[in-house]
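# Examination of the molecular architecture
As a plain string of letters, each chain reads:
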Amino acid sequence: MNYPLLRFTFEYSIQMKLKKFILLFGLISFQTLLLGQWFSGFSNDPKKFIVQLENRYKGLSAEAVADFTEFKNNWNTGLFSPDQQRYLIEISQKMRENDYAMDPFFRLFYRDYTKSLTYEGNKDLVNQWREIANQMVVGNPVRFQEFLEFTDLLLYNHALFSNSLKRWEFDSTAEFKLGMQGGRFYADFSNIILSGKAQYDTVILETKGRYYAHEKIWDGEFGKVFLRNTDPKDSAFVTFDEFQLKLQSHQIIVDSALLHYPRFAEKPISGSFHDKLVDYLDSLTPLTQPKFPRFNSFDNNIPLNNILGPNSKCVGGLGFKGLVFNTSTVDSKESIATIPYDGKDKVVIKNRGFVIYKGLVNAEKCAFQVELDSGKYLKHPSVNLSFNYE
């Protein structure tokens, strides 16, 4: 057997594989040298760092490049102190080590940090933002991106939530602070006007509370909703204490609220309240027949005014569903209305509920009684009523 030939073939195969390995290693080393700035990390020298960072932005979107151009200008003109530049380089290095993409991570990080630094409503905001970012950058990248996107929406758009159909925003003068609790980042607000907006609907909410961005939940200490289903000159609104607003479902559900409606009641009326921001482009509900807001009184013995015209009196409940108001009660007890004439209640009308819709009062099968000048009464057990009270 020819053993020398077998040995030669084996040694030749080993040498070829070794040469291929050395060649491949050389190519990788050459690429590493070309991209050495990326793989070896950012320089701690501010001038070198900004040049390295600019190289990383090449090939990104026009929006990202524009953001960097502004950041670079702020960097070179002294907006950031030496300590702040060291911090930005440090976090940039951590993002690089975790293989975070330039967009959105680097882009939003620099945008949000800059805005928190220059935000006039809270001088300590940049420190609050930094404290959360320091925890998030080494954690779950999805949660870190969520934090960056939320604070970008918060700082630049004065909004808590936004999608293609609906948006919840606050007045630009609102004061807030950022915090972290049990891994949940939040924004605390003092008194603000929170506006839910859709294509053909708006909910105006005056409130104070805390917004948890991950869960998209507003924990309110109190709330005041201005009723969009009433005439603005009536100054009607609903108030309530602690509540939750789930911004993904766009709903406020309160078991105990107070309806303030001076046109119909001298005192606030207790009841349950439900409101929802509705996008009518994505709903089967016609614009002329909204289903929200809703209110149902607890009491069925409420003194009401002006239900059947000026100076009329009524005892019953009060509720509404969208534009339709009703004096019907939870136990189907009759509503009793009186209409005065010459200072005396001359007309008495009883029904299970008077329906009010766009200035018209309607009720079917009413028990009707009128006192004549002779002192006698004219009565009818079933009268259909239609009355324009405006």
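Attention here is on the structure that accompanies the text.

What counts, and where the lines are drawn
Residues numbered from 1 in each chain as written. Predicted model: local features only at pLDDT ≥ 70, side-chain atom pairs only at ≥ 80, totals over all residues. Heavy atoms only, no water. Helix = DSSP H or I, 4+ residues; strand = E, 2+ residues; numbered from the N terminus. Buried < 20%, exposed > 50% of the residue type's maximum accessible area, 1.4 Å probe, protein only. Contact = heavy atoms within 4.5 Å. Areas by Shrake-Rupley, 256 points an atom, 1.4 Å probe, with all protein chains shown as cover. Core = buried A, V, L, I, M, F, W, Y, C linked by side-chain atoms within 4.5 Å. Salt bridge = Lys/Arg side-chain N within 4 Å of Asp/Glu carboxyl O. Phe/Tyr/Trp six-rings, centres within 6.5 Å; stacked < 30°, edge-to-face > 60°. Lys NZ or Arg CZ within 6 Å of the ring centre and 35° of its normal. Pairing = 2+ DSSP bridges. Expected span 1.5 Å × (residues − 1). Axes fitted to C-alpha atoms, helices over the stretch in contact; angles between N-to-C directions. Parallel < 35°, antiparallel > 145°, perpendicular 65-115°, else oblique. Left-handed = near helix turned anticlockwise from the far one by under 90°. Nonpolar A, V, L, I, M, F, W, Y, C, P; charged D, E, K, R; others polar.

All right, on to the overall build of the protein then. Secondary structure summary: the protein contains eight helices and 20 strands in total. Per-residue burial for the protein yields a buried fraction of 43% across its 390 residues. Look at the contacts in the protein between residues 6 or more apart in sequence, and 50% of them connect residues 24 or more apart. Carbon and sulfur atoms make up 53% of the accessible area of the protein, which amounts to about 21,800 Å² in all.

With 91 residues, the main nonpolar core has L53 and F109 as its most contacted residues. Considering each element in turn, this core owes the most residues, seven residues, to helix α6 (residues 102-118). In this view, L53 contacts F42, F68, F71, M102, F106 and Y110; residues no more than four positions away in its chain are not counted.

Here the focus is the pattern of salt bridges. Taken as a whole and assessed by the stated rule, the structure comprises 18 salt bridges. R111 is paired through a salt bridge with D152; the nearest N and O atoms lie 2.9 Å apart. Taken together, the positions of R111 in helix α6 and D152 in helix α8 (residues 141-157) put the pair 41 residues apart, joining distant regions of the chain. When sorted by exposure, R111 lands in the same class as D152, which is buried. Across the pair K208 and E221 runs a salt bridge, and its minimum N-O distance is 4.0 Å. With a gap of 13 residues between them, K208 in strand β5 (residues 202-212) and E221 in strand β6 (residues 217-226) connect regions that are remote in the sequence.

Turning our attention to the environment of N300. Of note, N300 is situated in the loop between β11 (294-297) and β12 (302-305). Between the alpha carbons of N300 and V315 there is a distance of 7.7 Å; along the sequence they are 15 residues apart. When residues no more than four places from it in sequence are discounted, the contact partners of N300 are G316, G317, T329, D331 and K333.

Within this structure, the stated rule accounts for 35 aromatic pairs. Both rings, one in F49 and one in W75, keep their centres 5.1 Å apart while their planes meet at 40 degrees; by these two values the pair is tilted. With F49 in helix α3 (residues 46-57) and W75 in helix α4 (residues 62-76), the pair connects residues that are 26 residues apart, well separated along the chain. A relative accessible area of 0% places F49 in the buried class. You can call W75 buried: its relative accessible area is 4%. Here R111 stacks its cationic end above the ring of Y156, 4.0 Å away from the centre of that ring. Seen from the ring of Y186, R210 lies directly overhead, with NZ or CZ sitting 3.6 Å from the centre.

The side chains of a regular strand alternate between the sheet's two faces. Of the two faces of strand β7 (residues 237-240), the one lined by F237 and T239 and the one lined by V238 and F240 are each fully buried. Bridge count between β6 and β7: four bridges; the pairing is antiparallel. Residue pairing in the sheet places G223 in a bridge with F240 of β7. Looking at chain direction, β7 and strand β9 (residues 251-260) are connected through three bridges and run antiparallel.

For the rest of this paragraph, the subject is helix α7 (residues 125-136). Here α7 is 12 residues long and its end C-alpha atoms lie 17 Å apart, about the 16 Å a rise of 1.5 Å per residue gives. Within the span of α7, buried status applies to L125, V126, Q128, W129, R130, I132, A133 and M136. Where α7 is buried, its residues touch α5 (82-97), α6, α8, β3 (176-181) and β4 (184-197).

Contact geometry for α5 and α7: axes closest at 12 Å, N-to-C directions at 25 degrees. What the angle tells us is that α5 and α7 run roughly parallel. When the axes of α5 and α7 are compared, the crossing they make is left-handed. Counted together, D83, Q84, Y87 and I91 of α5 and W129, R130, A133 and N134 of α7 form the full contact between these two elements.

When you line up the elements, F354 lands in the loop between β17 (344-351) and β18 (355-357). Taking the relative accessible area as the measure of exposure, F354 reaches 0% and is therefore buried. As for F354 and I336, which are separated by 18 residues in sequence, their C-alpha atoms are 9.4 Å apart.

The next subject is the packing of α4 against α6. For any two helices packed against each other, the geometry is given by the interaxial angle and the distance between the axes. Closest axis-to-axis distance for the α4/α6 pair is 10 Å, and the angle between their directions is 40 degrees. Here α6 runs oblique to α4, going by the angle between their axes. Between α4 and α6 the crossing geometry is left-handed. Within the contact between the two elements, α4 uses E63, A64, D67, F71 and N74 and α6 uses D103, R107, Y110, R111 and T114. Residue classes in the contact of α4 with α6 are distributed as three nonpolar, two polar and five charged.

Pairing between strand β1 (residues 159-162) and strand β2 (residues 167-170): three bridges, direction antiparallel. Residue pairing across strands places A159 opposite E169, the latter belonging to β2.

Its place among the elements puts M180 in strand β3. Considered as a pair, M180 and Q128 are 52 residues apart in the sequence and their alpha carbons are 9.0 Å apart. Residues in contact with M180, not counting those within four places in the same chain, are I132, Q135, M136, F185 and Y186.

Remember, this is a structural readout, not a statement about activity or role.
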